[in-house]
Amino acid sequence: MSRSIKSFPHTNWTVRLARVTALCAATLLVMTWTGQHAVAETPYDTGVKLFKEGKFALALASFAAAEAGGKRDANIYYYEALCNHQLRDYVKARQRYEYILSKFPTSDAAILARQALGQHEQKPDVTVKASDNEEPETTTIPFSRYPTGSHIFVRVLVNGEPVVVMLDTGASVTVFPQSVLDKNGIKTKSIKNAVRMEGVGGETSAAATRLNIQFGEINQMIAAVIQDDAIKGSAADYPLLGQSFLSYFNYEINYRSNTVKLTRIKPSAASATAPKRAVATSSRDPNVVPFTRDGGNLSVVVKVNGRECDMIFDTGAANINFSDKSISGLGLNVPVNARRQNSMGVGGSREGYGFVLDEVQFGPIVRHKVRASMATYSGINKPLLGYSFLEGTVFTVDNEKRVIRFSE
C-alpha cells in the first residue's frame, strides 16, 4: 500500500496516523463482519463492502447515508476516519477519531482510535516515504502470545482478508491449512500435492500457491503451501508465516514489548538468502551471532551442556526440541524422570518426552534449567532452538549480513 504525505504538513500526528491505518482497518473488519446477520444490505453494510474494495469516497457516501438514516455507531465514525485517511484528509480523520473518544470512550473502536492518535502503549512504527509510488519500507506491529503463551501471533491481510497467523522463523515456507482459507473466503490457484513437507510431526504433502501478505503497511507476494486438514491432526493448528515471507526483510522480534518490526531489504540482498547453504558474516561483537542457511531455515551453533550443536533458530517451537536421532548424536540421554508428552508440528504429532537441560548458551545468552523435549521417530535433522530459550529477549535477524543481533 503506497503512502505519501507530500500534500500535508509533516506533523508528528500525521505520521503516527499513517503508521497504524492498515492494522486498525484489519482489526475492525473482523469486528464488523463477525457481528453481521443475514438481513437486507444497509447503507452501513454497503460502506463496509466498498471500503474492502478500496472505494473510499463511495464508502464515505454510504456511511453518511447511514448517519442520515439515524444510525449512530462508533464503527461508522471509525470507518469514516479510515476512509478520510486513505483519501489523505488527515484533518477530518483526526476529528472522527477524537469524536469517537469523546462519545464512545469504552467501545472497541475507541481502542483503535487511541492507537491511531498515538495514545496506545504499543504504537506501530512505520517510516512513511515521501514518494507517490513507493510503499513504506519499515513497519512495526504488536503481537499476541495467546492462546499458547509462547508462539507469536500477528494479524495480517491475506489477499485482502484479515487472518491471524503464527510468525515462525523455523518454517522454511509459509503454510496455510485449507480450512483457514475456506473460512475466510480466500480463493487461490494451487497445484495439488506439489510439495513434500517435513516437520516435528513427520512428512506430509501439500499444494503450492502464491498469496499476497500485508503485514502492517507492507505488502509482499510470496510462495505458500496449503495443507489439507480435513483429517484432525494432519496439519498445523494455525497458519505459519515462514521464511518464504521473512527472507524479504530484516526483522526485529521484541519479546519484552511484544512487537515485530520489519524492514524491507534491497532486492540484491534478498537474493543472497536464496542459496541453500549461505556463508554467515563474522563479527567480534558478542551480541552478534552468525547464521547460515540450511534450506530455507536459519542454522545456528548452540552450546548444550558445554557441547556445540547445530540448531534451527525457531520462534515456532515452544521448547528446545530434539528428535531421537539428534539427541543421541549430541551424546545426551533423556533423563529417567522425563515426562511423556506429544510434540505437535507440521505433519501431525509424535510421542516423546519432556525434560530440562542444565545449561544452554547461544551468543551472549546463557540459560540454566531450560525446558526441552524429544520427539520419537521425528524427521527433523537438527534440534530446534525455541521459546524456552528465547523468552524475554530482543533480537534482529539481519538477512543482509546473515547475523542475529541481540539487544541489551
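Now for a look at the structure at hand. (Residues numbered from 1 in each chain as written. Predicted model: local features only at pLDDT ≥ 70, side-chain atom pairs only at ≥ 80, totals over all residues. Heavy atoms only, no water.)

1. Describing the pairing of strand E2 (residues 152-158)
Remark: a regular strand shows side chains that alternate across the two faces of the sheet.
Then, in step 1: The buried fraction of E2 amounts to 6 of the 7 residues, a majority that puts the element mostly inside the structure.
Then, in step 2: Pairing geometry for E2 and strand E3 (residues 161-167), over 7 bridges, is antiparallel. Opposite Leu157, over in E3, you have Pro162 as the bridge partner. (Buried < 20%, exposed > 50% of the residue type's maximum accessible area, 1.4 Å probe, protein only. Helix = DSSP H or I, 4+ residues; strand = E, 2+ residues; numbered from the N terminus. Pairing = 2+ DSSP bridges.)

2. Some points on the sheet that holds strand E9 (residues 249-254)
Then, in step 1: With antiparallel pairing, 6 strands are arranged side by side in an open sheet as E1-E10-E9-E20-E21-E11. Of all the strands in the sheet, the pair left with one neighbour each is strand E1 (138-142) and strand E11 (288-290). Pairwise comparison of adjacent strand axes, ignoring direction, gives a mean angle of 15° for this sheet.
Then, in step 2: Looking at chain direction, E9 and strand E10 (residues 259-264) are connected through 6 bridges and run antiparallel. (Axes fitted to C-alpha atoms, helices over the stretch in contact; angles between N-to-C directions.)

3. Quick look at helix H2 (residues 43-52)
Then, in step 1: Looking at H2, one finds that the buried residues are Tyr44, Asp45, Gly47, Val48, Leu50 and Phe51.
Then, in step 2: Following H2 by one or two positions, Gly54 adopts a phi angle in the positive range, close to 80°.

4. Structural notes on the packing of helix H4 (residues 74-86) against helix H5 (residues 90-103)
Then, in step 1: Where H4 contacts H5, the axes come no closer than 7 Å and their chain directions differ by 160°. Between H4 and H5, the angle is such that the two are roughly antiparallel. Considering how the two elements wind past one another, H4 and H5 form a crossing that is left-handed. Where H4 abuts H5, its residues Ala74, Tyr77, Tyr78, Glu80, Ala81, Leu82, Asn84 and His85 lie against Tyr90, Lys92, Ala93, Arg96, Tyr97, Tyr99 and Ile100.
Then, in step 2: Considered class by class, the residues forming the contact of H4 with H5 number 10 nonpolar, 2 polar and 3 charged. (Parallel < 35°, antiparallel > 145°, perpendicular 65-115°, else oblique. Left-handed = near helix turned anticlockwise from the far one by under 90°. Contact = heavy atoms within 4.5 Å. Nonpolar A, V, L, I, M, F, W, Y, C, P; charged D, E, K, R; others polar.)

5. Notes on the environment of His85
Then, in step 1: If you trace the backbone, His85 turns up in helix H4.
Then, in step 2: Judged by relative accessible area, His85 falls into the buried class, the value being 2%.
Then, in step 3: In this structure the C-alpha to C-alpha distance between His85 and Phe56, which are 29 residues apart in sequence, comes to 9.4 Å.

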